[in-house]
Amino acid sequence: MGWSCKRITFIEKDLRKDLQMYRFFFSRATLGSILIGVALTLVFDKSAYTNDDSLDAGISAMKRGHYATALRAFRNLAKRGNAQAENNIGFLYERGLGVPQDYNLALKWYKDSAKKGLPEGEFNTGLLYHYGYGVAKNQSEAKKWFERAARKGFLDAEFMMGHVYQNGWGVKPNGLRALAWYKRAAKKGKAEAQFMTG
């Protein structure tokens with residue numbers, strides 16, 4: 001089993017400790033920190049995107065702060081079309097970890113993973129359009145990418161779709177649609193969505 005943060009996949013053998021950390025973090029998280037993309041999302045399966053020991057090696061290197069090693073591992077996988085590795089490379093460029101920060105390259109890698117159908121890549125692409133990092137701020141484009149990930153059941157994207165319709169980001173504000181998206185996320189246990197649904 002593995003868990004992934006919405007930005008990077010981490011594989012762990014002992015999930016109990018990780019779940020405690022996750023619960024602690026979210027019990028203290030604010031909506032602002034989630035919208036900035038700091039929050040973690042758990043995905044409790046090893047998907048087809050995580051089928052290589054190189055991905056585990058890259059993730060281990062990241063956890064140790066060895067970003068150049070992680071980048072090499074992810075690039076080897078990305079050459080073979082691994083969407084999760086592409087997403088992880090995007091994260092390194094977005095944050096400037098082991099490479100100069102470059103939102104344009106982050107967007108390129110996120111889009112590559114998104115085009116392969118990886119919900120994390122779709123969500124991260126949406127975030128860059130939402131905030132205007134590396135591209136002109138475009139709420140309609142952000143909504144498109146958020147919705148793709150949300151339709152696949154990606155929790156943070158479902159929550160963002162609630163915000164999209166509540167705030168009219170790229171669409172006409174619609175309280176009923178916002179509530180429907182918040183309820184989807186709330187049913188999966190997202191505390192912030194539960195708060196939004198009352």
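The structure presented is a predicted model; accordingly, all values stated were derived computationally and were not measured.

> Before we move on, can you summarise the overall build of the chain with the specific residues and values?
Within the chain, the secondary structure is distributed over eleven helices and two strands. By the burial criterion, 51% of the 198 residues in the chain qualify as buried. In the chain, once contacts between residues fewer than 6 apart in sequence are set aside, the share between residues at least 24 apart is 51%.

> Explain helix 5 (residues 83–95) residue by residue, including any values.
Under the 1.5 Å per step criterion, the end-to-end length of helix 5 is 19 Å for 13 residues, consistent within 8% with the ideal 18 Å. Where burial is concerned, most of helix 5 is hidden: twelve out of the 13 residues are buried. Restricting attention to buried positions, one finds in helix 5 the residues Ala-83, Gln-84, Ala-85, Glu-86, Asn-87, Asn-88, Ile-89, Gly-90, Phe-91, Leu-92, Tyr-93 and Glu-94. The opening residue of helix 5 is Asn-82, an N-cap whose side-chain oxygen sits 3.0 Å from the backbone nitrogen of Gln-84. Positive phi shows up at Gly-96, right after helix 5, with a value of about 70°.

> Explain the packing of helix 9 (residues 155–167) against helix 10 (residues 175–187) residue by residue, including any values.
Taken N-terminus to C-terminus, the directions of helix 9 and helix 10 make an angle of 160°; their axes are 7 Å apart at the nearest point. Taken together, the axis directions place helix 9 and helix 10 in an arrangement best described as roughly antiparallel. The handedness of the crossing between helix 9 and helix 10 comes out as left-handed. Two secondary-structure elements touch here, helix 9 through Leu-155, Glu-158, Phe-159, Met-161, Gly-162, His-163, Tyr-165 and Gln-166 and helix 10 through Arg-177, Ala-178, Trp-181, Tyr-182, Arg-184 and Ala-185.

> So what about the pattern of salt bridges? Which residues, and what values?
Within this structure, the stated rule accounts for ten salt bridges. Across the salt bridge formed by Arg-184 and Glu-158, the nearest N and O atoms sit 3.4 Å from each other. Here Arg-184, found in helix 10, pairs with Glu-158, found in helix 9; they are 26 residues apart in sequence, far enough to count as distant. Arg-184 gets classed as partly exposed once you look at its relative accessible area, which sits at 32%. Three or more residues joined by partner-sharing salt bridges are found here, namely Lys-143, Glu-147 and Arg-151.

> Residues and numbers for the packing of helix 7 (residues 119–131) against helix 8 (residues 139–151), please.
Remark: helix 7 packs on helix 8, axes separated minimally by 8 Å, with the N-to-C direction vectors making an angle of 160°. Viewed along their axes, helix 7 and helix 8 adopt a mutual orientation that is roughly antiparallel. Here helix 7 runs over helix 8; the crossing is left-handed. Where helix 7 abuts helix 8, its residues Pro-119, Glu-122, Phe-123, Thr-125, Gly-126, Leu-127, Tyr-129 and His-130 lie against Gln-139, Glu-141, Ala-142, Trp-145, Phe-146, Arg-148 and Ala-149.

> Could you give an account of the side chain of Glu-147, with specific residues and numbers?
For Glu-147, the location among the structural elements is in helix 8. A polar side-chain atom of Glu-147 sits 2.7 Å from a polar atom in the side chain of Lys-143.

> How would you sum up the nonpolar core? Please name residues and give values.
In terms of nonpolar packing, the biggest core is built from 46 residues, with Phe-74, Phe-123 and Phe-146 touching the most fellow members. Of all the secondary-structure elements, those providing two or more residues to this core are helix 3 (53–63), helix 4 (67–79), helix 5, helix 6 (103–115), helix 7, helix 8, helix 9 and helix 10. Of all the elements, helix 9 adds the most residues to this core, at seven residues.

> Describe the confidence of the model for the chain, with residues and values.
For the chain, per-residue confidence averages 81 on the pLDDT scale, and residues scoring 70 or more make up 74% of the total. Within the model, the stretch residues 1–6 combines pLDDT values under 50 with 40 contacts to residues more than four positions away or in other chains. In the predicted structure, residues 8–51 sits below a pLDDT of 50 and forms 94 contacts with residues beyond four places in sequence or in another chain.

Cut-off values and rules
- Residues numbered from 1 in each chain as written.
- Predicted model: local features only at pLDDT ≥ 70, side-chain atom pairs only at ≥ 80, totals over all residues.
- Heavy atoms only, no water.
- Helix = DSSP H or I, 4+ residues; strand = E, 2+ residues; numbered from the N terminus.
- Buried < 20%, exposed > 50% of the residue type's maximum accessible area, 1.4 Å probe, protein only.
- Contact = heavy atoms within 4.5 Å.
- Expected span 1.5 Å × (residues − 1).
- Polar contact = N/O pair within 3.5 Å; in protein donor to acceptor, adjacent residues only side chain to side chain.
- Axes fitted to C-alpha atoms, helices over the stretch in contact; angles between N-to-C directions.
- Parallel < 35°, antiparallel > 145°, perpendicular 65-115°, else oblique.
- Left-handed = near helix turned anticlockwise from the far one by under 90°.
- Salt bridge = Lys/Arg side-chain N within 4 Å of Asp/Glu carboxyl O.
- Core = buried A, V, L, I, M, F, W, Y, C linked by side-chain atoms within 4.5 Å.
- pLDDT = per-residue confidence, 0-100.

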